[in-house]
Structure formats: structure tokens, C-alpha cells
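A look at the structure
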Amino acid sequence: MPAGHGLRSRTRDSFSRPFRKKGPTPLSIYLRTYKIGDYVDVKVNGSIHKGMPHKFYHGRTGRVWNVTKRAVGVEVNKQVGNRIIRKRIHVRVEHVQPSRCHEEFLQRVKTNDKLKAEANARGEVISTKRQPKGPKPGFMVEGATLETVTPIPYDVVNDLKGGY
Amino acid sequence: MAFVRAQKSKAYFKRFQVKYKRRREGKTDYRARIRLINQDKNKYNTPKYRYVVRFTNKDIIAQIVSANIAGDLVLAAAYAHELPRYGLKVGLTNYAAAYCTGLLLARRVLKKLEMDDEYEGNSEATGEDYSVEPAESRRPFRTLLDVGLIRTTTGNRVFGALKGALDGGLDIPHSDKRFAGFSKESKQLDAEVHRKHIYGGHIAAYMSTLMEDEPEKYQSHFSEYIKEGLEPEGLEEMYKKVHAAIRADPTAKQSEKQPPKEHKRYNLKKLTYQERKAKLIERLNALNAAAGADDDEDDD
């Protein structure tokens, strides 16, 4: 009989729990808080059957647009045909992890704010813009010995010594 | 000795998944813990307090705990071994002592949060089901009972501690089904029986019976009570005094502790990364110096 395309088809491996991590889920999952606008990764926890997203969203990252009692609403991009739609799904918190994709930006915002405040106190104007890496500066090559290589005339007799 | 082939091979151990540490120790019920700790996500960082009651062989521990990823935080704690301070010297793990410990914890928490004037609770312990009424300014302190791993039978001492906390003025969702004195047939709580348990009436009755029937057993079993000079009739009075003393001054007393004695170190102290690198550089320099000296000698 044919394969079938049910809701959880082809999820045998992606929804299964990792090796030696089956059974109860760690409690820290339940103690994390999510605010609207946070970036989260959707990663299905196969042992929690409620509030599972569809298999398409497993591995996607989106932003939180809603927070309910036990779940968060996540806005994920999905390509449908020739366009990308922003899909809004609700997922229980066991299937969601805080994403680190935005972490570097937030850190940079913090340090920039601090630098700007310090510069403001001193009365100067600084630019906190990131600059791309430029070409490497010129340098003298050190410790170079010159070896002149010239071609030698072809010696038929010696070269044919091995086999002929 | 017969040769038995090894039951558990290396492969067995490689695939073996250990349970969580506290489950292996048999101390935490994770199924219950998840349900007690889970806070609504739309309440963000509002703490959810649980009223933890645990009994050891000689002590009762009552704590108000809120969960944290780094580790649970205890807001306030009360122990049965503090009750001698309020006048209860013996019988520190019975139903009445559990009631006193719960009452002590409740008054302590309310005093810490400066709510003890608004929420007096039930000063006269009648054994009836009592729930706190919300006052005008603040809502009552809400917490959830965490019994741990005990079997919740009717008349268990944890429910004595629960009753103590309720009468102390905490808001704990409960039903009277498991209080001592609840009868399954009539499906009602007999407040008189519960009141007797709170004031140690069941212990007084046993003391009287033993005094008449088996005086030697009475001497051995209740020796501490006899030493304190406690008669079966005087138990209720004593517990009333203890309740009053608890309500008068529930603050915890800090015990004076000396800083721990310094012991001689018998093993090497572990070096830091910097120290190890520095040592390596020293060793290399010494080697180079020695090698340099040898080379000079060979050259010569």
C-alpha cells in the first residue's frame, strides 16, 4: 500500500528524542520567559505531544508575536510558490528554544550605547559603525634566500638507464 | 565458585541512560515538579511559590520556595527543631507539631512581606475548613502545597502542616478531604476530631490508655513527656500557649556560627591556567640555560 502523507509523515528521525535523552524533559525549558519580539528556534520535542508544530517548521527561526499561558506564537517565513509568506503559528514552549541569531546584534547595541554615553560625557562625537576588513598592509618579505633555477640539458643516456 | 558469564556487558553500559540525579536518589518527583513550577508564560517573571513540607525521622521542614534556572530560592523556612524556643519540647514530629511548624512558617512569611497585620488568619484553631478572605489593599499570599513523595492518605501529617499554614493566613488551594477527621462515608469533615488532632488529643488519649493498662510501656514510650512533666490533660493548654507564642514573635533567630576551622592541606592545590603556563616557561628557560651551558662545555 502507498506511503501516505499524514501530518507527521517522514518524521521518524526528526521528531525522535536524541540518544540517551529520552523520557522526562529538563525543567529549565519551563522556566524560560519569552517576550514579544524575541527570536526563537522551533525544534520539536517528540515526547511532548501537545502543541507540536507541523514538521515544516522544525528547524525554522522566527519572532515571537504572541505569548499565551503555555505557548508562544511564532512568526515564521515560508515560501509558497513564488512568494514568501509570514506564517503565524502557536507552539508550546517545549518545542521552542531562544535563538542566538540575534545575540551578537544585541551585544553590539549594548557596547555601542556604553561607548556613545562615555563619548557624550567627554563631549566628543564618535562613530560606532562597523567597518569591513580592508586590504592587508604592505610588508617586506623577511628571511628570503634566492634560489635560481635553470633548466639542464636533457641527458638521454642517463635517463634511459632504467628501462628501454 | 561457578563461572557465571557477566550479565551486563560493555554495550549495556554504553547504551544505559541514567535517570536524573534526584530521581536516582529518590528525592524528587519530576512529574509533580513540572506541574508545580510551570508558570503561565503571559505572567512572565512572576514567581510561583510552592509550600514544601518534608518529614525526617526527627524533624519537620517547611519552606516557601520559588523555582529558578540557577537553583530554587527559599523565601522563608521553618523547622520543628525551632519549636523548643516557643515552648514545645517533645513530640516534634507529630500532627500537632506539624500544625505548629506550618503556623510558624506562615506568620514568618507574612511578617517578612509586611502582610501580617492584614492577614491574621484563624487565631482560634477549631479544626473547621478555613480559607483566607482577601483584604482591601493586597491579595493574600498564594502558594501551592508540595508534598513530595509521601502517600497522601487522610490524616497525614503534611495536612496538619497545611492546616497550620492556612490558619496562619496563607492562601493555599485545598480541600478538606484529607484532613484528620474526614469520614469517607458521610463525606464530611468532623471538625471536632480534627481539632483534637491539632491539640494533640490523640496523643493524650493514648497516654491515658497506656497509663491505666501498661504503665511500664507508658514509662518507656513517653519518657521524654514524663521528664518534662507533661500530663495528658495539660497537652491542649501547652499547644495553645505555643500557638500564641508563635503569633507573638515568628521572626527567625540567626544562630551564631564560628567560621569553620582551617585544616591542613594533604593534597596539592590545583594550579590555574596562568600558573601552569608560567611554570612551563620557567622549565623551558631552565632547560635552555642548561643546554646552553652543555653546548658551551662541548664546544670547549
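Residues numbered from 1 in each chain as written. Chains lettered and ligands numbered in written order. Predicted model: local features only at pLDDT ≥ 70, side-chain atom pairs only at ≥ 80, totals over all residues. Heavy atoms only, no water.

Stated formally: UniProt positions are given in the numbering used here, feature names are shortened, and annotations may be inferred rather than shown by experiment.
Going by what an unreviewed UniProt entry lists, chain B is known as 60S ribosomal L5 and is assigned to Olea europaea subsp. europaea. Heading Subunit (unreviewed entry) of the UniProt record for chain B holds this comment: "Component of the large ribosomal subunit (LSU)."

Under an unreviewed UniProt entry, the name given to chain A is 60S ribosomal protein L21-2, and the source organism is Olea europaea subsp. europaea. Here chain A is described in UniProt, under the heading Sequence similarities (unreviewed entry), as follows: "Belongs to the eukaryotic ribosomal protein eL21 family."

**Concerning helix H4 (residues 95-112) of chain B**
All names here are of chain B. Short version of the rule: To qualify as a helix, a DSSP run of H or I must reach at least 4 residues; to qualify as a strand, a run of E must reach at least 2; elements of each kind are numbered from the N terminus. A helix is expected to span 1.5 Å for every residue after the first. Think of it in three bands: with a 1.4 Å probe and only protein chains considered, a residue is buried below 20% of the maximum accessible area for its type, exposed above 50%, and partly exposed in between. For the purposes of these results, a polar contact is taken to be a pair of N or O atoms within 3.5 Å, where, inside protein, one atom must be able to donate a hydrogen and its partner to accept one; residues adjacent in sequence count only when each atom of the pair is a side-chain atom.
Over its 18 residues, H4 extends 26 Å from the first C-alpha to the last, a length consistent with the 26 Å expected when each residue adds 1.5 Å. The element H4 is extensively covered by neighbouring structure, given that 16 of its 18 residues are classed as buried. Two to three positions downstream of the cap, the backbone nitrogen of Ala 96 sits 3.2 Å from a side-chain oxygen, assigning the N-cap of H4 to Asn 94.

**Some words on the UniProt feature "domain: Large ribosomal subunit protein uL18 C-terminal eukaryotes" (unreviewed entry) in chain B**
The UniProt record marks residues 235-289 of chain B with the feature "domain: Large ribosomal subunit protein uL18 C-terminal eukaryotes" (unreviewed entry), using the residue numbering of this structure. Counted over residues 235-289 of chain B, helix gives 56% and strand 0%. Its end C-alpha atoms are 85 Å apart.

**Notes on the sheet that holds strand S3 (residues 73-79) of chain B**
Residues and elements named next belong to chain B. Note the threshold: Note on pairing: two strands pair once DSSP finds at least 2 bridges between them. Every axis corresponds to a line fitted to the C-alpha atoms, with the helix fit spanning only the stretch in contact, and the corresponding angles, defined between N-to-C directions, vary from 0 to 180 degrees. The contact criterion used is simple: two residues touch if any of their non-hydrogen atoms lie within 4.5 Å.
One open sheet accounts for 4 strands, arranged S3-S2-S1-S4; its pairing is mixed. Here the strands that pair on one side only, and so sit at the sheet edges, are S3 and strand S4 (144-146). Across this sheet, the average inter-strand angle for adjacent strands is 20°, counted without regard to direction. As paired strands, strand S1 (residues 49-55) and S4 are joined by 3 bridges and run parallel to one another. Within the sheet, the bridge partner assigned to Tyr 51 lies in S4 and is Leu 145. Sitting on the sheet, H4 is in contact with S1, strand S2 (60-66) and S3, with an inclination near 140° to S3.

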